[in-house]
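Residue-level listing of the chains:
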Amino acid sequence: MKILHTSDWHLGRTLYGRRCHDEFASFLDWLAAEISRQKIDCLLIAGDVFDSTTPANTVQSLYYSFLHKISGGCCRHVIITGGNHDSPSLLNAPRQLLKHLNVTVVGSATDDIADEVVALYDSAGRLEAVVCAVPYLRDRDVRRSEAGESI
C-alpha cells in the first residue's frame, strides 16, 4: 500500500493582500497528477486544509473538485483530519456524502475514540492498514470537568 501524507494546505490564504486562487488550483492539479503517477492508494491530509474557519465558496469548490477528481482514480482512501485553522463543523458537514467517495473526515475529537480509528481494506476485503486519525485537539477536547470535581 502506497500512502502519501500531506498537511497545511491553507487553501484560501492571501499573500500580501493578493488572493492565490490560481496557485492553489495549480497545486491541487499537481497533487492529483502525482497521486496518479505514483499510484498512491491512500492520501492522508493532516490538518489545516483551509486557512480560515470560513473559507470562500471558490476555495471550497477547489477542495471538493480535488476530492472528486482523485476519488475516480487509483487513490482508494482519503483521510482528512481537522487542524487548528479548520472549522470542525465545516469539515464534518459533508462527511456522510464524502464517505461515498471513500473520503473519511475527522474534523474534531468525538466522544467515541473509535470514530478516529480508520481501518483500510483492499478490494478483496483484507485489512491493509489502520490509521489513527486524530484531529487538532482544542482545549475543550482535552479539559472536561465532571460534577463535583475541583480545578
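Residues numbered from 1 in each chain as written. Predicted model: local features only at pLDDT ≥ 70, side-chain atom pairs only at ≥ 80, totals over all residues. Heavy atoms only, no water.

Asks: Looking at this structure, how should I read helix α2 (residues 57-71)?
Replies: Since the α-helix packs 3.6 residues into each turn, any two residues three or four apart lie on the same face. Helix length check: α2, at 15 residues, gives a terminal C-alpha distance of 21 Å against a target of 21 Å (1.5 Å per residue), a fit within 8%. Within α2, the full set of buried residues consists of V59, Q60, L62, Y63, F66, L67 and I70. Taken down its axis, α2 places every buried residue within 155° of arc, on the same side. Seen from the open side of α2, the exposed residues pointing more than 90 degrees away from its buried face are N57 and H68. Buried residues belonging to α2 abut α1 (21-37), β4 (42-46), β5 (77-81), α3 (88-92), α4 (95-99) and β6 (103-106). (Helix = DSSP H or I, 4+ residues; strand = E, 2+ residues; numbered from the N terminus. Expected span 1.5 Å × (residues − 1). Buried < 20%, exposed > 50% of the residue type's maximum accessible area, 1.4 Å probe, protein only. Arc of directions from axis to C-beta. Contact = heavy atoms within 4.5 Å.)

Asks: Help me understand the sheet that holds β5, please; the structure alone is not making it clear to me.
Replies: Backbone hydrogen bonds hold the strands of a sheet together, and the pairing may be parallel or antiparallel. Taken in spatial order, the four strands of this open sheet run β1-β4-β5-β6, and their pairing is parallel. Each edge of the open sheet is held by one strand with a lone partner, namely β1 (3-6) and β6. Neighbour to neighbour, the strand axes of the sheet diverge by 10° on average, direction disregarded. Where β1 and β4 come together, four bridges link them in parallel fashion. Bridging from a neighbouring strand, L4 pairs with L43 of β4. Across the sheet, α2 is in contact with β4, β5 and β6; its angle to β5 comes to roughly 155°. (Pairing = 2+ DSSP bridges. Axes fitted to C-alpha atoms, helices over the stretch in contact; angles between N-to-C directions.)

Asks: I tried to follow the side chain of E116 on my own but got confused; where do I start?
Replies: Within the secondary structure, E116 sits in the loop between β6 and β7 (117-121). For E116, the side chain forms a polar contact with the main-chain nitrogen of T110, separated by 3.3 Å. Residues within four places of E116 in sequence aside, it is in contact with V106, S108, A109, T110, V131, C132, A133, V134 and P135. (Polar contact = N/O pair within 3.5 Å; in protein donor to acceptor, adjacent residues only side chain to side chain.)

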